[in-house]
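Here's the letter readout for the chains.
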Amino acid sequence: MLLLAVDTATPAVTAALHDGTSVVAASSSVDARRHGELLLPAVDRVLAEAGVKLDAVTAVVAGVGPGPYTGLRVGLVTATTFGSALGVPVHGLCTLDGLAYASGLEGLFVVATDARRKEVYWARYASPRERIGEPAVDRPADIADQVAGLPAVGAGGLLYPEAFPDTRGPEHVSAAALASLAAEKLAAGEDFLPPLPLYLRRPDAQVPKNYKVVTPK
């Protein structure tokens, strides 16, 4: 087994390889504006570090978000393209689940990432492997009663300390955590999400309302 994991749902551009026992190579950089430029070089780095070629990969794991439209689709398009070219399965995992898994927290806690527009993508967890309900997007003040007293993980908590006063690491998801979580799920015969983007609202970019329509003659 050799899993290639990628995620671009947060400002972190991250890739990792897992051999079914442990992570053998990982690369992460944080740049919210350069997902498309940074992901393929990150994949090249982990392959070189592991001393393998791309055709040695037996499955691809992709973080499906939630996340902003443009960044998120970079990772998913890359993952599905690799899967198609290699003829291997592509497994989707919720990006928030990767953060929860990496946190190692026990007991109730919340994962929150930056959703822009003064909102967070968030979900509650009973353990690093057990999410409570579906991910959501909200203003921190609107969910204060639901997250009160809970430790938080992720950049969303750091951005809004008034709602998440007890925020812990990691700040961003790592493909190493996604790969390790995927390896556990594969060993246990658990299901994955399809490699489709988890969008919880409309894209930030909008078509102008008063643009001029030109009719061909």
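Rules of the game
- Just so you know, the residues in each chain are numbered from 1, in the order the chain's sequence is written.
- Since the coordinates come from a predicted model, pLDDT governs what is reported: local features require at least 70, and pairs of side-chain atoms require 80 or more to be given and counted, while whole-chain, interface and lining totals use all residues.
- Only hydrogens and water are set aside; all other atoms, that is, all heavy atoms of the structure, feed into the side-chain values.
- Runs of H or I in DSSP of at least four residues are treated as helices and runs of E of at least two as strands, each being numbered from the N terminus.
- We take the radius of gyration over the C-alpha atoms and set the globule estimate at 2.2 Å times the residue count to the 0.38 power.
- Residue burial is assigned from relative accessible area. The probe radius is 1.4 Å, only protein chains are included, and a residue is buried under 20% of its type maximum, exposed over 50%, and partly exposed in between.
- DSSP-based pairing: two strands are paired if at least 2 bridges between them are found.
- Axis definition: a line fitted to C-alpha atoms, limited for helices to the stretch in contact. Angles are taken between N-to-C directions and run from 0 to 180 degrees.
- Note on contacts: a residue pair qualifies if any of its non-hydrogen atoms lie within 4.5 Å across the two residues.
- Classification of ring pairs rests on two measures: the distance between centres of Phe, Tyr or Trp rings, Trp counted by its six-membered ring, which must be within 6.5 Å, and the angle between planes, read as stacked under 30 degrees, edge-to-face over 60 and tilted in between.
- Criterion for a charge above a ring: Lys NZ or Arg CZ within 6 Å of the ring centre, and within 35 degrees of the ring normal.
- In this scheme, a crossing is called left-handed if the near helix is turned counterclockwise away from the far one by less than a right angle; it is called right-handed if the turn is clockwise.
- Residues are grouped as follows: Ala, Val, Leu, Ile, Met, Phe, Trp, Tyr, Cys and Pro are nonpolar; Asp, Glu, Lys and Arg are charged; all remaining types, including Gly, are polar.

Student: What is the right way to read the overall build of the protein chain from this model?
Tutor: Regarding its fold elements, the protein chain presents six helices and ten strands. A compact globule built from 217 residues should have a C-alpha radius of gyration of about 17 Å, and the protein chain, at 18 Å, falls within 12% of that. By its C-alpha atoms, the protein chain is 65 × 45 × 30 Å across when sized along the principal axes. Looking at the protein chain as a whole, 47% of its 217 residues are labelled buried.

Student: For this particular structure, what's the right way to read the sheet that holds strand β3 (residues 23–30)?
Tutor: Within a sheet, each strand pairs with its neighbour through backbone hydrogen bonds, oriented either parallel or antiparallel. Strand order in the open sheet made by the five strands is β3-β2-β1-β4-β5, with mixed pairing throughout. At either margin of the open sheet sits one strand with a lone partner, and together these are β3 and β5 (90–93). Strand-to-strand twist across the sheet, computed as the mean angle between neighbouring axes with direction ignored, equals 15°. Two elements, strand β1 (residues 3–7) and strand β2 (residues 12–18), share five bridges in a ladder whose sense is antiparallel. Counted as the bridge partner of L4 is L17 from β2. Lying over the sheet, helix α6 (residues 175–188) contacts β1, β2, β3, β4 (59–63) and β5, oriented at roughly 130° with respect to β1.

Student: Before we go on, may I ask you to explain the packing of aromatic side chains in this structure?
Tutor: Centre distance and the angle of the planes are the two values used to describe a pair of aromatic rings. A full pass over the atoms with the stated rule returns two aromatic pairs. Relative to Y199, the ring of Y69 has its centre 5.2 Å away and its plane inclined at 40°; by these criteria the two rings are tilted. Taken together, the residues Y69 in helix α2 (residues 69–86) and Y199 in the segment after α6 connect sequence positions 130 residues apart. A relative accessible area of 31% places Y199 in the partly exposed class. A centroid spacing of 5.5 Å and a plane angle of 15° characterise the contact between F109 and Y125, whose relative ring orientation is stacked. Separated by 16 residues along the polypeptide, F109 in strand β6 (residues 109–116) and Y125 in strand β7 (residues 119–127) bring together distant segments of the chain. On the basis of relative accessible area, F109 is assigned to the buried category, the value being 0%. In this arrangement the basic side chain of K185 is found over the ring face of F192, its NZ or CZ atom lying 5.5 Å from the centre.

Student: Explain the packing of helix α1 (residues 35–50) against α2 to me, please; I cannot follow it from the model alone.
Tutor: When two helices pack together, their arrangement is given by the angle between their axes and by how far apart the axes lie. Interhelical geometry of α1 versus α2 gives an angle of 40° and a closest axis separation of 9 Å. The way α1 lies across α2 gives a crossing that is right-handed. Of α2, the residues touching α1 (which contributes H35, G36, L39, L40 and V43) are G71, V74, G75, T78 and F82. A breakdown of the residues in the contact of α1 with α2 according to their chemical character gives five nonpolar, five polar and no charged.

Remember that the coordinates give geometry; whether it matters functionally is a separate question.
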